[in-house]
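# A structural walkthrough
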Amino acid sequence: MKVFQHETRLRTAGGLTVTDITEDVQRAVRDSAIGDGIACIYSPHTTCCVRVNEFESGFLQDFTNLLRRLVPAEGQYYAHDDWDLRTENICPEDMEVGNGHAHCMSMLLGSAGESIPVRDGELCLGTWQRVLFLELDRERERRWIVQVVGN
Amino acid sequence: MKVFQHETRLRTAGGLTVTDITEDVQRAVRDSAIGDGIACIYSPHTTCCVRVNEFESGFLQDFTNLLRRLVPAEGQYYAHDDWDLRTENICPEDMEVGNGHAHCMSMLLGSAGESIPVRDGELCLGTWQRVLFLELDRERERRWIVQVVGN
Amino acid sequence: MKVFQHETRLRTAGGLTVTDITEDVQRAVRDSAIGDGIACIYSPHTTCCVRVNEFESGFLQDFTNLLRRLVPAEGQYYAHDDWDLRTENICPEDMEVGNGHAHCMSMLLGSAGESIPVRDGELCLGTWQRVLFLELDRERERRWIVQVVGN
């Protein structure tokens, strides 16, 4: 059995930007030389995540609108951004523009990563499926990991 | 180490139907002859997903109501369904009844699949846990994949 | 290849309590003696789940407020809790205080577990990432499973 890991860095734009990382993930799977197994694509961050869906600009705009409606950044109190109360995990860069909403969004969107079957050296993606990296916070340095386990 | 893959086709009814695929997944795990490992049950579609929860008709009705309340299909604009603007990934069958809401639902519900531990050749499901295939779009031909990795 | 499983029991408090299980998961990964692979941390329950995010009290309060706003326990009808109609999967303890909202929350939050890459015997968690066990129901006996697959 083989285990292969690849890590990629990217700088995101803020404001709920979505990056299509499918080609990079596919290249990593090919580099792994693993024929059959599982690929876990993972975001090691708490205010962004990896999701599989269609990369179509209309849908991404719709989804942005939905997220902002369910988890508004403006006009909503977040204890995570209340610097009069907050004592844990202080990160100075977060003090200018809070990111309580971004934590709530990422938790609501579910797991940090996606696991995708690999067959004959290829991700078993459906016709419209793309691997997407979602930035829920401000412009930031980010990275994602693909871990492939198989034969 | 062994890697086993099984794919199943199904035709869903539309309207947020949920299919209990637990028995089929369990059969695939037994067919794999893998004793201990991980089973990844994966939907290769962008408007449906695999989830683990209880298969109880009242709950499924409650969940349908919740999804429709959070992500309404009617009375809500979706750029994904705006054929005056849309230029990417055109799929003629989607032009009659839009599915922007179904994409938003599936992204909100999280990852495309579920990973479940396998022990002694059985899925480690809890008492009430069932593997569910959720159709979020119209009646369609679908498939799901189970990938088992282990010894 | 090795497959390692560890199961932990806990008694939760009710009311959307979150338990930080990171240290226990890390200990299990070390006990597995697996250097590189994937760890699947799984909740075998239908009204709680495992998520990765920050363990900061303000955020957890914000997220609780969000969940209660999106999926209210009070003042909302749940067919799952309608004992005049319900015929399936009857669990006497659920009849005092319904848990239809907790099922809806767990389905909305996504998959039952999280899969995290393991490298050099350590979980590939980011700076602020912690493994969290979310109780969405009343005070209950619970358990979570970590399954590690790798070399």
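On to the relation of the copies chain B and chain C. Its rotation angle being 120°, the transformation that places chain B on chain C also includes 0.0 Å of axial translation and leaves an RMSD of 0.0 Å. Interpreted geometrically, this transformation is the action of a three-fold axis. It is G110 of chain B whose C-alpha, among those of chain B, lies nearest the rotation axis, at 2.8 Å.

A few words on the nonpolar core. I41 of chain A, I41 of chain B together with I41 of chain C are the most contacted members of the largest nonpolar core, which has 81 residues in total. With residues near it in sequence (within four places) discarded, I41 of chain C still touches I21, V25, V50, G113, E114, I116, V131, W144, I145 and V146 of chain C. Within the second largest apolar cluster, 57 residues are counted, among which are L70 and V71 of chain A together with L16 and F59 of chain B.

What follows concerns helix α3 (residues 100–109) of chain A. In terms of burial, α3 of chain A is a largely internal element, ten of the ten residues being buried. One or two steps after α3 of chain A, the chain reaches G110 of chain A, where phi turns positive at roughly 105°.

So, about the packing of aromatic side chains. Each aromatic ring pair is described using two quantities: the centre-to-centre distance and the angle formed by the ring planes. Residue and element names in this part refer to chain A. As enumerated under the stated definition, the model contains three aromatic pairs over all chains in all. Between F59 and F63, the aromatic rings sit 6.2 Å apart at their centres with planes inclined by 50°, giving tilted as the arrangement. With F59 and F63 both in helix α2 (residues 57–70) and four residues apart, this pair spans about one turn of that helix. Accessibility expressed as a relative area gives 0% for F59, which makes it buried.

This part covers the pattern of salt bridges. The tally for this structure, following the rule as stated, stands at 42 salt bridges over all chains. We note a salt bridge from E7 of chain A to R9 of chain A, for which the minimum N-O separation is 3.5 Å. Overall, the relative accessible area of 27% leaves E7 of chain A in the partly exposed class. Between R130 of chain C and E23 of chain C there is a salt bridge, with its nearest N and O atoms 3.4 Å apart. Of this pair, R130 of chain C sits in strand β7 (residues 130–135) while E23 of chain C sits in helix α1 (residues 22–32); the two residues are 107 residues apart in sequence, bridging distant segments of the chain. A cluster of three or more residues bridged by salt bridges with shared partners is formed by E7, R9 and R143 of chain A together with R119 of chain C.

A few words on the pairing of strand β5 (residues 113–119) of chain A. Residue and element names in this part refer to chain A. Here β5 lies mainly inside the structure; six of its seven residues are buried. Here six bridges tie strand β3 (residues 37–42) to β5, and the two strands are oriented antiparallel to one another. In the strand pairing of β5, G37 is matched with V118. By the bridge criterion, two bridges tie β5 to strand β6 (residues 122–123) in an arrangement that is antiparallel. Across the sheet, residue V118 finds its bridge partner in β6, namely L123. Hairpin connection between β5 and β6: a loop of two residues separates the two successive antiparallel strands, and D120 in this loop has a positive phi of roughly 50°.

Evaluated as defined, the whole model comprises zero disulfides over all chains. Just so you know, C104 of chain B is unpaired, no disulfide at all, and the nearest cysteine sulfur is the one on C49 of chain B, 13 Å from it.

Moving on to the sheet that holds strand β7 (residues 130–135) of chain A. Residues and elements named next belong to chain A. Strand order in the open sheet formed by three strands is β2-β7-β4, and the pairing between neighbours is antiparallel. On the outer flanks of this sheet lie β2 (18–20) and β4 (48–53), each paired with one strand and no other. Across the sheet, the mean angle separating the axes of adjacent strands is 30° when strand polarity is ignored. Judged from the three bridges that link them, β2 and β7 form a sheet pairing that is antiparallel. Residue pairing across strands places D20 opposite L132, the latter belonging to β7.

All names here are of chain C. At a closest axis distance of 10 Å, the pairing of helix α2 (residues 57–70) and helix α3 (residues 100–109) adopts a crossing angle of 115°. The angle between α2 and α3 falls in the class roughly perpendicular. Two packed elements cross with a definite hand, and for α2 against α3 that hand is right-handed. Within the contact between the two elements, α2 uses F63, L67, R68 and L70 and α3 uses M105, L108 and L109. When grouped by side-chain class, the residues that make up the contact of α2 with α3 number six nonpolar, no polar and one charged.

Each value, and the rule that gives it
- Residues numbered from 1 in each chain as written.
- Chains lettered and ligands numbered in written order.
- Predicted model: local features only at pLDDT ≥ 70, side-chain atom pairs only at ≥ 80, totals over all residues.
- Heavy atoms only, no water.
- Least-squares fit on C-alpha atoms with pLDDT ≥ 70 in both.
- Core = buried A, V, L, I, M, F, W, Y, C linked by side-chain atoms within 4.5 Å.
- Buried < 20%, exposed > 50% of the residue type's maximum accessible area, 1.4 Å probe, protein only.
- Contact = heavy atoms within 4.5 Å.
- Helix = DSSP H or I, 4+ residues; strand = E, 2+ residues; numbered from the N terminus.
- Phe/Tyr/Trp six-rings, centres within 6.5 Å; stacked < 30°, edge-to-face > 60°.
- Salt bridge = Lys/Arg side-chain N within 4 Å of Asp/Glu carboxyl O.
- Pairing = 2+ DSSP bridges.
- Disulfide = S-S within 2.5 Å.
- Axes fitted to C-alpha atoms, helices over the stretch in contact; angles between N-to-C directions.
- Parallel < 35°, antiparallel > 145°, perpendicular 65-115°, else oblique.
- Left-handed = near helix turned anticlockwise from the far one by under 90°.
- Nonpolar A, V, L, I, M, F, W, Y, C, P; charged D, E, K, R; others polar.

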